[in-house]
Structure formats: structure tokens, C-alpha cells
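Listed below are the residues making up each chain.
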Amino acid sequence: MDRSLRWLVPICLVAAGLYLFWGLRAANWAFVLELRATRLAALTVVGASVGVATVLFQTVSTNRILTPSIMGFDALYVLMQTAGVAFLGISGFAALPGGPKFLLETAGLVAAALLLFGTLLGRGAQDLPRMILTGVIFGILFRSAAGFVGRLLDPNAYAVVQQASFATFSQVEPGLLPWAGLLALSAMGFALALAPRLDVLALGRRTSVPLGLAHDRLALLTLGLVAVLVASATALVGPIGFFGLIVASLAHALTERARHAALLPAAALSAVALLVGGQFLFERLLHLEGTLSIVVELAGGLFFLWLLMKGRIR
Amino acid sequence: MIELEGVGHRIDGAEILTDVTTRLPKGALTALIGPNGAGKSTLLSLIARLAPLGQGQIRVDGLDVARTPSRQLALKMAVLGQETAVGSRLRVHELVGFGRWPHHQGRRTPADAAAVEEAIAVFDLGPLADRFLDELSGGQRQRAFLAMTFAQGTDWLLLDEPLNNLDMAHARALLSRLNDLVRAGGRSVVVVMHDVNYAAAWADHILALKDGRIAAEGPPAEVLTTPILHRLYGIEMEVAEHRGRPLVLHHA
């Protein structure tokens, strides 16, 4: 086992323990504990999904700066939500059963991601600047389209949409948790089973095809997994921009070897440690609810700039 | 033997290769030469199944490239492309280790480790084995990739301009290694190169392309002649003889 995992696991456990039991009072402990456990589970699913999705995406695109979020995956999800509210109305949208709606949206995101990014990553895959530009433009397009549709809505409906378009770690959708959790877990398990092949995929098309890897098929499959993971995380807390970038870079820095069998768990665990630890710090100790997402964005944004300045983009 | 029959390729309507029919001999070092844009790299990537074959047929030792499973072909031929950008941060020995992927598919055996050791030794990478690829010079990187290709242990080696980043000493060392592989190891090597004198000195067989068609083919003494070179490159060159092989004097 990779050395990094040996101390990432205890850190996660400590963070989870603190989050669950800190300041628990005798009076209504059962109720509070249940509430906290639900949130902890949601944070874990979200963190692990974002971490694994980002590493997977960086592997497919053979670079270390792009994330699904920069390429507009989660913006696309928000756009689908907004469109749903616009076409069905608040009551119609809210009347849809949560689970099946989520599965439908996930399927939609997978299809769209394969169509858009599959063609981008396909034959012209080696043209990285064009891919980054196209992806960023798509991201902006989806965000503005969601904003535009939002403007057409009446204020009440817009409030529903707005809740879906910003990350809120303190409010998760408990109804979606089992669905998103199950889907994300199976996607992560699948990714882990693909780990040795992902190592070869990371060599890039020109090197992996001669090694006998079914590169194009694996790339599409991986993109599908990324879409599923992004959908799960976004459905639970909303889009979380630069967080994936931080975690994926952490995972690459912490693991001794660039093997996905270690990289994927390391990304998932460091994401969980950061999210749960950060949420504990801001919510319980500093009593600043809802600040974590801003801090994550700021730190992630600065980190992105730092990567740019250091010329780590190839 | 690699057999090409009526191979054609178009990119956005522009013809890159037209009706290429030839045979690349087994157990020989073949040099693929021609001016820029002649279709050399395209031809190599078609043989290597890096691009889908539009027209014609390509067989490597009887295996149809379009139909044979990719893994089976990976045990038959190793390919080194021109630009090799790697996504993950790898050490040299890890990269070389990927050459064994077609054999072990993720489950390494002692035989794979031995093959990696050998490849590292053959390409003088011992002192660099634990260095990261991004800490190496262009030429050292090139050697690491060549070692990976070598570790694949295939009958055929297809190399696209492997001499690009190498100084004279390393270029000669590489060609002499490839020559050893052909003579002693019984392997077959196809190399895309620009310097006709390397082809003159080391190749057994030359395939010259121009404008996507075969301009000339055969042993160096037959292909590297003043009229053929003029037709290929459009400049006057004198061809002398040096130790029984042609020497092209292209310095006006």
C-alpha cells in the first residue's frame, strides 16, 4: 500500500470523529448525531467524488491543470436543473420524485459529456490548447445559459434554481444521499478496478495505443465515470469549482508513484479530510456557516494561478 | 515482413498518401526518407494503427492491422511516436516498465522485471533510472522512451524520427544499437529519418516518399543517387562513396 494512504486514513477518521462528536450534549444527542451523520456521509460522498473525478479527468486529458469543473461539467448539470424548473415550473419540478429525477439528470450529463468532451478528446486529443479553450468556452456558455434561463423565471422559481447553483456544504439534500452515494460508490469502485489500465491511459494516446490499450474506448468510459461522479457531487451540494484541482494536485504530490491504485484513494481521502475538517473548523469552531465553499474557491483559485505562473501547464 | 497494399489516406479532403504498395523486409533496418510533408509519419502511424486506415490493407507478419486485436499487435510491433507528452509524473524505470504492459496487463512477473533491467542497461539509463522524466534533457527522455519500446520485446520496432533530439554521438550510438538489434537480435526496425547520410550509413533498405507516393525504394546504393535525390528534395547533391557506402554531399 502506498505510504500516503497510511496516514490519510487516520486523518479522515479523526476529522469524521470530531465532526460527529464535538460538543454533543446529553439532551438530544440521538437527533443531533443522526443529523450530523447524514451530513458527514454527504460530505464524504461529495469529497471523494470530486477528488476521483478530477484525477480521472486529468488522466484522460493527460494534463494536470484541467478539471471537470473548469471544463463546465457541473455548469452543464446546473443548466439542466434550471431548464427543468423553467419547463416544468416549480411545483412540477418539485413534484418529480428526487431519486429518479437525479438518475435521469445523471444520464443526461453522461450523454452530454460523452458527446461534447468525447469528440474533443477523440482524434484531435493531442491538441491541448484547443481543448482547454473549447472546454472553458463551453463552461462559460453553460453558466451564462443557466443564468439567462434563470432570469426568465419568476423570483420564486429562481430561488429554487439559485439554491442549486452554489455550493452549500451545510445544507445537503438528504433525499438524494442514498441515490448519489450508491452511484458514486459504484463509479469509484469501477474506476479502482480500471486502475492498472488508467496508468497506461495516462501515457497519452500515441504511447498507449501501440501498447495495445483500447485507448479510445477506455477514454470514453472514464469520461462517463467522471460525469457520474460530478453529477453525484453537484446534486448533493452544488458546483464546487477549484476544489478538485487542489485535491488532485495533493494526491499527485502525496503518492510515491503515479499509480492509480494509490492516486484515486489518495485523492478521495484528502478531499474528505479537507471537506470534513474544513466544515468542522468553520461550522463548529468559528461558527461561520457557509464560508467553507468561499474559502475553498479562494484557495483553489490562488492555487490555480500559482500553477499557471509556475508553468506547470503542459 | 510488413506488406502495404494500395494504402491511401486523406485528411480533410487533402490527399496525404496515395496508393502506397510495398513490402518492408524482415530482419533489416529500413529507413523512411523524404521531404517534409511527404507522408512518412502518416504512413508509420497507419502501420501502428494510431490512425484508422481509410484505403488499402496493411499486414504485419501476416496480421491484418485493421482486424487483429490491438493487444496481439502490441506483442508484434513496438512504436515510438514523435512527440510524447506523458500525463503522470514518472520515473525512468517506471516508464520503461510500461513497455511490458502488453505481456502482463497489470500483473508483473519476474520475467518482466528482468526485461526492464535489460532495456535500462542496453540504453545506458542505469544512473538515470530513478530520475523523473521531467528532470531529463530531451535526448535523455528520448532514450528512456526508446528503452520502453525496446522492453516491449517485439519483432518489429517502428520509430518516428528518433534521432531528432540526439547529438551526433548519441545518434550514432542509437543507430549502432538498432543495427545490433537487427544483426544479433534478429529484429526488424523501421526508422523515419531526415538525415540521408544516416540512412546511407546504416540502412539495409530505403523507402523514399514524396507527395504521398513512393518515389524510390531499394538498397542505399540504388536509392541515394543524384537524380533521385534531386527529384526528392529539389536541390543538387553530389553523391560520393565512403567505405563502400554512398555519402551525400549536400552542402552546396
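Per an unreviewed UniProt entry, the recorded name for chain B is Iron complex transport system ATP-binding protein, and the organism is Cereibacter johrii.

An unreviewed UniProt entry annotates chain A as Iron complex transport system permease protein of Cereibacter johrii. We quote the UniProt Subcellular location (unreviewed entry) comment for chain A here in full: "Cell membrane". Annotation of chain A in UniProt includes, under Sequence similarities (unreviewed entry), the sentence "Belongs to the binding-protein-dependent transport system permease family. FecCD subfamily."

Trainee: Explain the overall build of chain A to me, and be specific about the residues and the numbers.
Mentor: Looking only at helices and strands, one finds 13 helices and zero strands in chain A. The secondary structure elements of chain A, listed N-terminal to C-terminal, are α-α-α-α-α-α-α-α-α-α-α-α-α. The buried share of chain A, taken over its 314 residues, is 54%. A separation of at least 24 residues holds for 81% of the contacts in chain A among residues at least 6 apart in sequence. Carbon and sulfur atoms make up 70% of the accessible area of chain A, which totals about 13900 Å².

Trainee: So what about the overall build of chain B? Which residues, and what values?
Mentor: Summing up its helical and strand segments, chain B has ten helices and twelve strands in all. The C-alpha atoms of chain B give a radius of gyration of 18 Å, which matches the 18 Å a tight globule of 252 residues would have. Dimensions of chain B, computed from the C-alpha atoms along their principal axes, are close to 55 × 40 × 35 Å. Burial analysis of chain B (252 residues in total) assigns 54% to the buried set. Considering only intrachain contacts with a sequence separation of at least 6, the fraction spanning at least 24 residues in chain B is 63%. A total accessible area of about 11000 Å² is found for chain B, and carbon and sulfur atoms account for 50% of it. Across chain B, the 26 positively charged side chains and the 29 negatively charged ones have centroids separated by 5 Å.

Trainee: Explain helix 1 (residues 40-47) of chain B to me, using residue names and the numbers behind them.
Mentor: Burial within helix 1 of chain B is extensive, with seven of its eight residues counted as buried. Arg49 of chain B sits one or two residues past helix 1 of chain B and shows a positive phi near 60°.

Trainee: Could you give me a rundown of the sheet that holds strand 10 (residues 213-218) of chain B, with the residues and numbers involved?
Mentor: Pairing between sheet strands relies on hydrogen bonds along the backbone, with the strands arranged either parallel or antiparallel. Residue and element names in this part refer to chain B. Across the sheet, six strands lie side by side as 6-7-8-3-9-10; this open sheet has mixed pairing. Only two strands of the sheet have a single partner each, and these edge strands are strand 6 (77-80) and strand 10. Here the average twist between neighbouring strands, direction ignored, is 15°. Strand contacts of helix 1: strand 3 (29-33), strand 6, strand 7 (156-160), strand 8 (188-192) and strand 9 (205-210), with the helix running at about 145° to strand 7, the strand carrying the most contacts. Strand contacts of helix 6 (residues 138-151): strand 6 and strand 7, with the helix running at about 165° to strand 6, the strand carrying the most contacts.

Trainee: Give a detailed account of the sheet that holds strand 1 (residues 2-11) of chain B, specifying residues and quantitative values.
Mentor: Residue and element names in this part refer to chain B. The four strands are arranged 2-1-4-5 in an open sheet whose pairing can be described as antiparallel. A strand with exactly one partner marks an edge of an open sheet, and here the two such strands are strand 2 (14-24) and strand 5 (63-64). In the sheet, strand 1 pairs with strand 2 via seven bridges, with the strands oriented antiparallel. Counterpart to Arg10 in the pairing with strand 2 is Glu15.

Trainee: Report on helix 6 of chain B, specifying residues and quantitative values.
Mentor: Taking 1.5 Å as the rise per residue, helix 6 of chain B with 14 residues should run 20 Å; its terminal C-alpha atoms sit 20 Å apart, in good agreement. Turning to helix 6 of chain B, its buried residues are Gly139, Gln142, Arg143, Ala144, Phe145, Leu146, Ala147, Met148, Thr149, Phe150 and Ala151 of chain B. Check the buried side of helix 6 of chain B and you find it contacts helix 9 (205-208) of chain A together with strand 6, helix 3 (92-98), helix 5 (110-122), strand 7 and helix 7 (168-183) of chain B. Remark: Gly153 of chain B follows helix 6 of chain B within two positions and exhibits a positive phi of approximately 65°.

Trainee: Talk me through the packing of helix 3 (residues 73-95) of chain A against helix 10 (residues 215-237) of chain A; I want residue IDs and the actual numbers.
Mentor: Residue and element names in this part refer to chain A. Relative to each other, helix 3 and helix 10 sit at 60°, their axes nearing to 9 Å. Considered as vectors, helix 3 and helix 10 are oriented oblique to each other. Seen from above, helix 3 lies across helix 10 with right-handed handedness. Packed against helix 3, whose contacting residues are Phe73, Asp74, Tyr77 and Val78, the element helix 10 presents Leu223, Val226, Ala227, Val230, Ala231, Thr234 and Ala235 at the interface. Of the residues assigned to the contact of helix 3 with helix 10, the class counts are nine nonpolar, one polar and one charged.

Trainee: Can you explain empty space enclosed by the protein? Please cite residues and give values.
Mentor: Gaps left between atoms show up when a probe the size of a water molecule is rolled over them. All names here are of chain A. In the structure shown here, the tally under the stated rule is five cavities of 30 Å³ or more. Roughly 140 Å³ of volume is contained in the largest cavity. Mapped by element, the contributors of at least two residues to the lining of the largest cavity are helix 2 (29-60) and helix 10. Looking at side-chain class alone, the lining of the largest cavity contains eight nonpolar, eight polar and one charged residues.

Trainee: Tell me about the pattern of salt bridges, and please be specific about residues and values.
Mentor: Summed over all chains, the structure comprises 18 salt bridges over all chains. A salt bridge links Asp199 of chain A to Arg259 of chain A, with the nearest nitrogen and oxygen atoms 3.9 Å apart. Placement of Asp199 of chain A in helix 8 (residues 195-201) and of Arg259 of chain A in the loop between helix 11 (243-254) and helix 12 (260-285) is noted, with a sequence separation of 60 residues between them. In this structure, the salt-bridge partner of Asp124 of chain B is Arg177 of chain B, at a minimum N-O distance of 3.2 Å. In this pair, Asp124 of chain B is assigned in the loop between helix 5 and helix 6 and Arg177 of chain B in helix 7, connecting sequence segments 53 residues apart. Judged by relative accessible area, Asp124 of chain B falls into the partly exposed class, the value being 49%. Within this structure, Glu3, Glu5, Arg23 and Arg59 of chain B form a network of salt bridges that share partners.

Trainee: Can you break down the nonpolar core residue by residue, with the values?
Mentor: Counting residues in each nonpolar core, the largest one holds 146 residues, and the members touching the most others are Leu56 and Phe73 of chain A together with Ile33, Leu178 and Met193 of chain B. Not counting chain neighbours up to four residues away, the residues in contact with Leu56 of chain A comprise Ala191, Leu198, Thr222, Leu225, Val226, Leu229 and Leu264 of chain A.

Trainee: Quick one: what's the story with the interface of chain A and chain B, residue by residue and with numbers?
Mentor: Contacts between the two partners involve 22 residues from chain A and, on the opposite side, 31 residues from chain B. Contact between chain A and chain B buries roughly 2300 Å² in total, counting both sides, with carbon and sulfur atoms accounting for 55%. It is Arg206, Pro210 and Leu211 of chain A in chain A that bury the most area against chain B; as a group they hold 28% of the surface buried on that side. If you look at where chain A meets chain B, you find one salt bridge.

Trainee: Which residues make up a nonpolar patch on the surface, and what are the values?
Mentor: All names here are of chain A. A cluster of nonpolar side chains, contributed by Val14, Leu18, Trp22, Leu281, Leu285, Leu286 and Leu288, occupies part of the molecular surface with about 600 Å² of accessible area. Put simply, the parts of the chain that give the nonpolar patch at least two residues each are helix 1 (3-21) and helix 12. You can see Val14 is positioned in helix 1. Given the relative accessible area of 53%, Val14 is considered exposed.

What counts, and where the lines are drawn
- Residues numbered from 1 in each chain as written.
- Chains lettered and ligands numbered in written order.
- Predicted model: local features only at pLDDT ≥ 70, side-chain atom pairs only at ≥ 80, totals over all residues.
- Heavy atoms only, no water.
- UniProt positions renumbered as here; feature names shortened; annotations may be inferred.
- Helix = DSSP H or I, 4+ residues; strand = E, 2+ residues; numbered from the N terminus.
- Buried < 20%, exposed > 50% of the residue type's maximum accessible area, 1.4 Å probe, protein only.
- Contact = heavy atoms within 4.5 Å.
- Areas by Shrake-Rupley, 256 points an atom, 1.4 Å probe, with all protein chains shown as cover.
- Rg over C-alpha atoms; globule rule 2.2 N^0.38 Å.
- Lys, Arg positive; Asp, Glu negative; His and termini not counted.
- Charge placed at Lys NZ, Arg CZ, Asp CG, Glu CD.
- Pairing = 2+ DSSP bridges.
- Axes fitted to C-alpha atoms, helices over the stretch in contact; angles between N-to-C directions.
- Expected span 1.5 Å × (residues − 1).
- Parallel < 35°, antiparallel > 145°, perpendicular 65-115°, else oblique.
- Left-handed = near helix turned anticlockwise from the far one by under 90°.
- Nonpolar A, V, L, I, M, F, W, Y, C, P; charged D, E, K, R; others polar.
- 1 Å grid on protein atoms, 1.4 Å probe; cavity = no way out; pocket = protein on both sides within 12 Å on 5 of 7 lines; lining within 4 Å.
- Points joined across faces, edges and corners; volume = space filled by probe spheres on them.
- Salt bridge = Lys/Arg side-chain N within 4 Å of Asp/Glu carboxyl O.
- Core = buried A, V, L, I, M, F, W, Y, C linked by side-chain atoms within 4.5 Å.
- Buried area = accessible area lost by both parts, 1.4 Å probe.
- Patch = residues over 30% accessible without salt bridge, like charges linked within 9 Å, V, L, I, M, F, W, Y side chains within 5 Å.

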